[in-house]
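An overview of the molecular structure
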Amino acid sequence: MKLNMFILVIYFSTFIFGQGEKANWTRVDFVYSSRMYIDVNSIQNVNDTLVSVWTMEENFPPLSIESVSGKIYKTKTFYTFNKALLRYSFFEIIYYDEKDNVLNSFSYRRNTGHQDYQYNYPVIEGSIEEAILLKCNQILKGIE
């Protein structure tokens, strides 16, 4: 329980303070219709098992979804990966218009210590999430 509370404190502080620093975006190599980047300054590695990072996706063509009014040209997402379970979750998603104005944002924070609920998506081989995790691991190991 103490470890879970420690991890939550790290995540919250990453979200609160991580976006205050100047972002350092680097491209994630992936055959994909959009451009995906991770913020190198936001990468947090806890106990060599949990990795969290902000991503930014540029959408070409822009996206339209029901819960957001306006065309979505950019999406920022705060991911958390559990490398031991090969699962991930995300805590925040922010949608932007073509002038970088926030269209809408959503918080998916959970108060649960159960890992099946905390990391509810599998990292699928060949997925963009796998590419994001691989890029984070490269940066953490200084291989970039």
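Everything below is about the structure printed above this text.
Values in this document were obtained by computation on a predicted structure and should not be read as measured data.

Looking at the nonpolar core
- Within the largest apolar cluster, 21 residues are counted, with the highest numbers of intra-cluster contacts made by Ile 38, Val 53, Phe 81 and Ile 132.
- Mapped by element, the contributors of at least two residues to this core are strand E2 (35-39), strand E4 (50-63), strand E5 (72-82), strand E6 (87-96) and helix H3 (128-140).
- No other element matches the six residues that H3 contributes to this core.
- When neighbours within four sequence positions are excluded, Phe 81 is seen to be in contact with Thr 49, Leu 50, Val 51, Val 53, Arg 87, Tyr 88, Val 123, Glu 129, Ile 132 and Leu 133.

Digging into the pattern of salt bridges
- In this structure the tally under the stated criterion is three salt bridges.
- Here Glu 58 and Arg 35 are joined by a salt bridge, their closest N and O atoms 3.4 Å apart. One end of the pair, Glu 58, is in strand E4; the other, Arg 35, is in strand E2, and 23 residues separate them in sequence.
- Put simply, Lys 74 and Asp 100 hold a salt bridge, and the shortest N to O gap is 2.7 Å. A residue pair is termed long-range when its members are at least 10 positions apart, and Lys 74 in strand E5 and Asp 100 in the loop between E6 and strand E7 (102-107) qualify at 26 residues.
- Among the residues examined, Asp 100 registers a relative accessible area of 44% and is labelled partly exposed.

Considerations on the pairing of E4
- Among the 14 residues that make up E4, 10 are buried, leaving the element largely enclosed by the rest of the structure.
- In this sheet, E4 lies alongside E2 in antiparallel orientation, the contact comprising four bridges. Each bridged residue has a counterpart across the sheet, and for Arg 35 the counterpart in E4 is Glu 58.
- Sheet analysis places strand E3 (residues 44-46) next to E4, joined by three bridges and oriented antiparallel. Across the sheet, the residue bridging to Asn 45 is Val 51, located in E4.
- Counted between consecutive antiparallel strands, the loop separating E3 from E4 contains three residues, among which Asn 47 sits at a positive phi close to 55°.
- Of the pairings in the sheet, the one linking E4 to E5 comprises 10 bridges and is antiparallel in character. Residue pairing for E5: Leu 50 is matched across the bridge by Asn 82.

Considering unusual backbone geometry
- Going from Phe 60 to Pro 61, the amide bond is cis rather than trans, its omega being 0°.
- As for its position among the elements, Pro 61 is in strand E4.
- Of note in the backbone geometry, Asp 48 takes a positive phi value of approximately 55° without being a glycine.
- With respect to the secondary-structure elements, Asp 48 resides in the loop between E3 and E4.

The rules behind the values
- Residues numbered from 1 in each chain as written.
- Predicted model: local features only at pLDDT ≥ 70, side-chain atom pairs only at ≥ 80, totals over all residues.
- Heavy atoms only, no water.
- Core = buried A, V, L, I, M, F, W, Y, C linked by side-chain atoms within 4.5 Å.
- Buried < 20%, exposed > 50% of the residue type's maximum accessible area, 1.4 Å probe, protein only.
- Helix = DSSP H or I, 4+ residues; strand = E, 2+ residues; numbered from the N terminus.
- Contact = heavy atoms within 4.5 Å.
- Salt bridge = Lys/Arg side-chain N within 4 Å of Asp/Glu carboxyl O.
- Pairing = 2+ DSSP bridges.

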